[in-house]
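# Overview (structure and organization)
Residue strings, one per chain:
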Amino acid sequence: MIEALLQALINGVIAGTILAVPALGFTAIFAVLNYPNFAIGALATVGAYAGWAGNTALGLPMVAALALAFAATAVAGLAVQWVAVKPLESAGALMMAIASLAAGLVLENALRFTFGNDLRGYDLPLLRDWRFGEFRVGPQQVQNFALALAAMALLWAFLRYSRTGRAMRAVADNRDLALLRGVDPVRVAAVTVAVGAGLAGMGGMLIGLDTSVDPLVGNRLILSIFAAAVLGGLGSIPGAVAGAIAIGVAEELAVLAFNPAYRLVVGFVVILAVLTLRPAGLFGARAS
Amino acid sequence: MSLTRRLVLGAAAGTLAVPYVVRAQAETFRIGALNPITGAGSPYGTGMQRMIQAAVEAINSAGGVNGRRIEVFAEDTQTSPQAAVLAAKKLIEVNRVRAILGTWSSGVSLAVIPLTNEADILLMHTSGAPALSTPPANAKNLGYRYQATNDRFGRAFAEIAVREGFRRPATMAFNNASGIGNTDGFRRAWAAKGNQNGEHVVYEPNQPSYRAELLRVLSTRPDVIVMGSFLPDTTIILREWFQTGTPVKWIIPAWAANPQLVQALGPAVTNGIIAVDSVSNEGAEAFTAYDAAYRRAMNQPGASNVYAAMTWDMANTLALAIEQAKSFETAAINAAIRRVANPPGEAVSAFAAGKAAIAAGRKINYEGASSVLDFDEFGDVTPDFGVFFIENGQFNRRYVVKI
């Protein structure tokens with residue numbers, strides 16, 4: 001039993017760390033633009049396909065394919081923002097959320113139209129798990145875990161040290177004050193959407209690496225992403241990471257305790273509990 | 001010549017003057033071909049639709065049914081219940097079809113059958129869920145299943161497990177009527193043989209990973225895992241299983257263990273998997289005719305699409321039943337279906353021969369391309385099952401199981 005518990009914990013931390021990448025994208029967009037971008041699931045799917053195409057058609061190695069996934073999804077994210085969301089800005093956050101949801105459906109079906117419903121696999125050898133006594137962990141899991149950590153480290157450095165990153169944080173903290181200090185809001189919004197969407201694309205590709213690439217990759221993630229962001233506190237960067245790891249672990253542990261059919265309930269229960277008991281989430285101060 | 005009002009009026013009057021009989025002949029018996037052209041059923045759907053059209057062509061060139069031609073309206077279910085319901089509504093309300101043929105996947109058929117029941121028309125489908133046999137789904141007995149039920153699939157799995165010498169089977173099922181039907185059928189049949197059932201996990205669809213569910217099953221050290229699953233989840237589960245390096249065998253229904261699975265995972269992962277499918281009635285004359293039609297339409301052997309053989313049989317049994325009923329009323333046609341398909345009677349394998357026999361007053365028994373096609377009290381058939389071993393990416397049929 002203890003072994004099973006620890007194994008679930010290991011799997012949960014790894015799954016959660018990977019989940020944190022798209023959750024960061026989601027929460028960053030929320031922090032700066034003040035609306036939940038539900039196209040994030042479809043954007044993750046775009047990233048999975050872009051990375052897959054880069055890997056199989058262009059023969060790119062993983063890190064280069066991941067960069068391509070980021071770039072392609074950043075472009076797609078900007079398109080969603082400018083075409084669907086921005087025209088509805090004056091109508092409020094709810095309208096923007098609905099517009100993003102609709103744009104996500106369009107993106108998903110555009111992918112389905114282009115690539116079909118077939119499952120695609122990366123051009124990678126399937127490797128056996130490494131075993132440590134009773135525990136096992138897959139080389140692919142470890143690689144994805146490392147790539148997710150690297151992506152987060154890059155994001156952290158970008159937000160901490162670059163001028164644009166600091167401007168993004170400034171807008172997230174206090175929009176009016178930032179504007180007074182001469183921050184260009186259009187540029188900050190564009191960079192945030194590009195980075196946020198790019199992160200979602202990287203997350204989609206990392207998930208696709210471990211499973212398969214099909215038009216529903218992002219759809220499978222969206223509830224967990226949202227639950228992670230809500231748990232961590234919408235708009236909080238460290239919160240998204242903590243929330244994602246907590247969701248990852250909770251989903252794995254749930255299978256030990258309950259019938260696996262109820263695993264998906266975890267996300268809903270977490271959202272419900274957080275919104276009832278602590279609407280600001282673990283780290284959030286802004287959400288109300 | 002310009003179209004004047006006088007000309008139009010004249011033409012209309014002329015049409016009315018045409019004798020009533022001629023206009024009656026132009027009236028058709030309308031049926032819907034509602035198939036999975038896109039989505040998870042897309043490898044089969046186009047062939048299924050073409051075979052309805054090909055069978056109807058043969059029926060019409062043999063003089064049609066009760067003097068009327070059959071007219072086919074084709075739609076796509078997208079293998080999605082929502083899309084299927086919209087398409088079925090259109091077929092029923094706009095095209096006014098009198099029967100719907102060829103729905104695939106239980107979710108789709110379970111969604112469509114309330115509509116066909118409501119409209120008092122027949123639904124002939126290829127889905128496995130046991131719930132489609134009984135009320136409420138089949139409350140009016142207007143549903144006919146040309147595929148084996150999932151329960152029968154499960155019984156076939158149990159026969160195979162015995163034959164292959166497995167002793168500790170575990171089961172994993174996708175949480176829907178079809179998936180659970182497969183594993184429940186297996187577990188019942190396995191227990192009935194005096195064996196002990198192993199771990200049973202029902203999993204939710206659309207998860208990015210099934211590692212936790214899989215490890216839970218593998219921790220009980222089964223020698224075979226029997227699946228009630230679909231392609232996307234099976235792909236992920238097998239990938240994660242291979243990574244664990246745990247030796248175990250798999251018995252999987254062929255709609256999940258198909259060439260697409262091999263394509264996604266490669267021959268190394270899929271080696272030794274046992275894929276089970278109902279097999280067509282390959283020795284039969286009806287199959288020869290179907291096979292020729294399928295090759296003409298799809299440029300592939302008829303045996304590559306068991307569901308297309310089923311839709312071929314749907315059009316033929318429906319047409320024969322209409323001939324037998326000498327009526328276009330649903331109740332009369334419904335009453336005639338078992339009469340033309342089940343023994344006793346003169347075995348016929350094509351519409352033209354059956355029509356002639358019926359006209360001569362003889363009782364017929366249509367022997368189909370998909371199976372001998374004898375419907376039980378629930379409207380279900382019992383085909384045989386082919387047992388395919390995946391070896392180096394190839395599907396090799398080792399033997400056939402009868403239940």
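Under an unreviewed UniProt entry, the name given to chain B is Amino acid ABC transporter substrate-binding protein, and the organism recorded is Neoroseomonas marina. Under the Sequence similarities (unreviewed entry) heading, UniProt states for chain B: "Belongs to the leucine-binding protein family."

As recorded in an unreviewed UniProt entry, chain A goes by the name Branched-chain amino acid ABC transporter permease, listed as coming from Neoroseomonas marina. Looking at the Sequence similarities (unreviewed entry) heading of the UniProt record, one finds this comment for chain A: "Belongs to the binding-protein-dependent transport system permease family. LivHM subfamily."

This part is about the packing of aromatic side chains. Two descriptors summarise a pair of aromatic rings, namely the distance from one centre to the other and the angle between the planes of the rings. Scanning the entire structure with this criterion turns up 25 aromatic pairs over all chains. With 6.1 Å between their ring centres and 45 degrees between their planes, phenylalanine 26 of chain A and phenylalanine 38 of chain A make a pair best called tilted. A residue pair is termed long-range when its members are at least 10 positions apart, and phenylalanine 26 of chain A in helix 1 (residues 2-33) and phenylalanine 38 of chain A in the loop between helix 1 and helix 2 (40-56) qualify at 12 residues. You can call phenylalanine 38 of chain A partly exposed: its relative accessible area is 24%. For the ring pair phenylalanine 174 of chain B and tyrosine 203 of chain B, a centre distance of 6.2 Å and an interplane angle of 80 degrees mean the geometry is edge-to-face. Taken together, the residues phenylalanine 174 of chain B in strand 6 (residues 169-174) and tyrosine 203 of chain B in strand 7 (residues 200-203) connect sequence positions 29 residues apart. Take phenylalanine 174 of chain B and tyrosine 203 of chain B: they sit in the same class, and that class is buried. Through pairs of rings, three or more aromatic residues link up here, namely Phe153, Phe157, Trp255 and Phe385 of chain B.

A few words now on the environment of aspartate 123 of chain A. All names here are of chain A. Locating aspartate 123 in the fold gives a position in the loop between helix 4 (93-115) and strand 1 (130-132). Spatially, the C-alpha atoms of aspartate 123 and alanine 57 are 9.4 Å apart, while their sequence positions differ by 66 residues. Setting aside residues no more than four positions away along its own chain, aspartate 123 makes contact with Asn55 and Thr56.

Residues and elements named next belong to chain B. Looking at chain B, pLDDT values average 91 and 94% of them are 70 or higher. Taken together, the stretch residues 19-24 has pLDDT below 50 and engages in 3 contacts with residues farther than four places along the chain or on a different chain. Both confidence scores are given for the complex: pTM 0.77, ipTM 0.72.

Residues and elements named next belong to chain B. The buried fraction of strand 9 (residues 249-253) amounts to 4 of the 5 residues, a majority that puts the element mostly inside the structure. Strand direction decides the pairing type here: strand 8 (residues 224-228) and strand 9, joined by 3 bridges, are parallel. Counterpart to valine 224 in the pairing with strand 9 is lysine 249. With helix 9 (residues 231-244) bridging strand 8 and its parallel neighbour strand 9, the resulting β-α-β unit is right-handed. Pairing geometry for strand 9 and strand 10 (residues 274-279), over 3 bridges, is parallel. In the strand pairing of strand 10, isoleucine 252 is matched with alanine 275.

Let us look at the sheet that holds strand 6 of chain B. Residue and element names in this part refer to chain B. Taken together, 7 strands build an open sheet; the order of strands is 7-6-8-9-10-13-14 and the sheet is mixed. Looking at the sheet topology across the chains shown, the edges are occupied by strand 7 and strand 14 (394-401). Ignoring strand direction, the axes of neighbouring strands in this sheet form an average angle of 25 degrees. Here helix 7 (residues 177-192) sits on the sheet and contacts strand 6, strand 7, strand 8 and strand 9; the angle it forms with strand 6, its principal contact strand, is near 155 degrees. The strands touched by helix 9 within the sheet are strand 6, strand 7, strand 8 and strand 9, with strand 9 carrying the most contacts at an inclination of about 175 degrees.

Rules behind the numbers
Residues numbered from 1 in each chain as written. Chains lettered and ligands numbered in written order. Predicted model: local features only at pLDDT ≥ 70, side-chain atom pairs only at ≥ 80, totals over all residues. Heavy atoms only, no water. UniProt positions renumbered as here; feature names shortened; annotations may be inferred. Phe/Tyr/Trp six-rings, centres within 6.5 Å; stacked < 30°, edge-to-face > 60°. Helix = DSSP H or I, 4+ residues; strand = E, 2+ residues; numbered from the N terminus. Buried < 20%, exposed > 50% of the residue type's maximum accessible area, 1.4 Å probe, protein only. Contact = heavy atoms within 4.5 Å. pLDDT = per-residue confidence, 0-100. Pairing = 2+ DSSP bridges. Right-handed = clockwise from strand over helix to strand, strands pointing away. Axes fitted to C-alpha atoms, helices over the stretch in contact; angles between N-to-C directions.

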